Amino acid sequence: MTLEIFSYGFMQRALVSGIAIALLCSVVGLFLVLRRYSLFGDAIAHTSFGGISAGLLIGIYPMWTAYIVSLISALVITRIKQKFDISGEASVAILLSSGIAVGLILISLSGGFNVDILSFLFGSILLVSVEDTVLILSLTGIILIIILLLYRELIYSTFNEEQAKVSGIPVEKINYLIVFIAGVTVVTSIQLVGLLLISALFVIPNVTAIMYGRSFKHTAILSITFAISSVVCGIIISYVFDITPSGAIVMLSISIFAVTIGLKSI
């Protein structure tokens, strides 16, 4: 039975895309967590709810409208935060409330909740098509290459923003880049994990890894390991027990975190 599930096309696509998403969320999420911007992924996810609702209302593929709305909202709120010195928590609150409010209005106009919107809210293995898998792998590759090319600038601006400015690093542009990458990562991950729980993959594996990480690279490797383990096992468990994959993935992440807390306290 266990080996049989790997013969199904939708499971193969879910596992391949799931591993890519776990890798992406853990790496991008580590920068957000270290910048004390942990809930920004959650804010972008809630904003994408408005984009998905708009797509379903006007008959456009919801993921495209989710990308557009999420990226514009994230970039605009980052600009406002920088110009008017608004705190990170306030920015997150603005994104959370506005995304949900717009989404609810558009859903009401389109006739209420349906199977499509619920799948995006909670995630579904069946949502991941061949085209989606190719897109996820392509975006993962592109984002990881960008991070590797700008690794020094990203690290420097994350740990010491003021000194990075003095050293000539374009900190504002780097901040915009992080926000842009986070937005793309969130929307890309929605189909598998669902927008309500996507922030868990940004935060929990990284917080767990930080407890044991001896350096940035070591912490990143641990985070990737925890995230991939949670996603792969969560997808398999969700199929075997017929439960929502996002719930299984998040519960496994929390279990790993709890075990880490227990071992750390011994």
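Quantities reported herein were computed from a predicted structural model and do not represent experimental measurements.

Q: Whenever I open this one, the overall build of the protein chain confuses me. Can you help?
A: In terms of helices and strands, the protein chain carries 12 helices and 0 strands. Order of helices (α) and strands (β) in the protein chain, N terminus to C terminus: α-α-α-α-α-α-α-α-α-α-α-α. Relative to the globule expectation of 18 Å for 266 residues, the C-alpha radius of gyration of the protein chain, 18 Å, shows essentially globular dimensions. Counting only C-alpha atoms and orienting by the principal axes, one finds that the protein chain spans roughly 55 × 50 × 35 Å. Counting over 266 residues, the protein chain shows a buried share of 48%. For the protein chain, the proportion of contacts with a sequence separation of at least 24, taken over those separated by at least 6, is 76%.

Q: Which parts of the structure should I look at to understand the side chain of Ser48?
A: Secondary-structure assignment places Ser48 in helix H2 (residues 40-58). Non-local contacts of Ser48, meaning those with residues more than four positions away in its chain, are made with Ala66, Ser70, Val187, Ile190 and Leu195.

Q: Sorry, what's going on with the environment of Leu222 here?
A: In this fold, Leu222 is placed in helix H11 (residues 216-240). Separated by 10 residues in the primary sequence, Leu222 and Val232 have C-alpha atoms spaced 16 Å apart.

Q: When you look at the layout of surface pockets in this model, what are you seeing that I'm missing?
A: Empty space left among the atoms is revealed by rolling a probe the size of a water molecule over them. What the second largest pocket holds in volume is close to 240 Å³. No other element matches the 5 residues that H11 contributes to the lining of the second largest pocket. Residue classes in the lining of the second largest pocket are distributed as 12 nonpolar, no polar and 1 charged.

Q: Got a minute to help me understand H2 in this structure?
A: Each turn of an α-helix holds 3.6 residues, which means side chains three or four residues apart point in the same direction. The terminal C-alpha atoms of H2 lie 28 Å apart, and with 19 residues this matches the ideal 27 Å at 1.5 Å per residue to within 8%. When you tally the buried positions in H2, you get 16 out of 19 residues, the bulk of the element. Positive phi shows up at Gly59, right after H2, with a value of about 85 degrees.

Q: Just checking my understanding: could you explain a nonpolar patch on the surface for this structure?
A: On the surface, a cluster of nonpolar side chains totalling about 700 Å² of accessible area is made up of Leu57, Ile58, Ile60, Tyr61, Trp64, Ile105 and Leu109. Mapped onto the nonpolar patch, the elements with two or more residues apiece are H2 and helix H4 (88-109). The topology assignment puts Ile60 in the loop between H2 and helix H3 (62-84).

Q: It is not clear to me how the confidence of the model for the protein chain should be interpreted in this structure. Could you clarify?
A: In regions of low pLDDT, the predicted coordinates are not meant to be interpreted in detail. Within the protein chain, residue pLDDT values average 82, and 91% of them lie at 70 or more. The least confident element of the protein chain, judged by mean pLDDT, is helix H5 (residues 115-122) at 70; the most confident is helix H6 (residues 130-149) at 91.

Q: Would you take a moment to explain the packing of aromatic side chains for this structure?
A: The description of two aromatic rings rests on the distance between their centres and on the angle between their planes. Enumeration according to the criterion identifies 5 aromatic pairs in this entry. A centroid spacing of 6.1 Å and a plane angle of 70 degrees characterise the contact between Tyr61 and Trp64, whose relative ring orientation is edge-to-face. What makes Tyr61 partly exposed here is its relative accessible area of 33%. Residues Trp64 and Tyr67 carry aromatic rings whose centres are separated by 6.1 Å and whose planes lie at 35 degrees to one another, so their mutual orientation is tilted.

Q: Would you take a moment to explain the packing of helix H9 (residues 171-193) against helix H10 (residues 198-212) for this structure?
A: A pair of packed helices is characterised by two quantities: the angle between their axes and the separation of those axes. The contact between H9 and H10 brings their axes to 8 Å, and the two run at 115 degrees. Judged on the interaxial angle alone, H10 and H9 are roughly perpendicular. Taken together, the residues of H10 that come into contact with H9 (itself represented by Ala182, Thr185, Val186, Ser189 and Val193) are Ile198, Leu201 and Phe202. Here the residues of the contact of H9 with H10 sort into 6 nonpolar, 2 polar and no charged.

Scoring rules and cut-offs
Residues numbered from 1 in each chain as written. Predicted model: local features only at pLDDT ≥ 70, side-chain atom pairs only at ≥ 80, totals over all residues. Heavy atoms only, no water. Helix = DSSP H or I, 4+ residues; strand = E, 2+ residues; numbered from the N terminus. Rg over C-alpha atoms; globule rule 2.2 N^0.38 Å. Buried < 20%, exposed > 50% of the residue type's maximum accessible area, 1.4 Å probe, protein only. Contact = heavy atoms within 4.5 Å. 1 Å grid on protein atoms, 1.4 Å probe; cavity = no way out; pocket = protein on both sides within 12 Å on 5 of 7 lines; lining within 4 Å. Points joined across faces, edges and corners; volume = space filled by probe spheres on them. Nonpolar A, V, L, I, M, F, W, Y, C, P; charged D, E, K, R; others polar. Expected span 1.5 Å × (residues − 1). Patch = residues over 30% accessible without salt bridge, like charges linked within 9 Å, V, L, I, M, F, W, Y side chains within 5 Å. Areas by Shrake-Rupley, 256 points an atom, 1.4 Å probe, with all protein chains shown as cover. Salt bridge = Lys/Arg side-chain N within 4 Å of Asp/Glu carboxyl O. pLDDT = per-residue confidence, 0-100. Phe/Tyr/Trp six-rings, centres within 6.5 Å; stacked < 30°, edge-to-face > 60°. Axes fitted to C-alpha atoms, helices over the stretch in contact; angles between N-to-C directions. Parallel < 35°, antiparallel > 145°, perpendicular 65-115°, else oblique.

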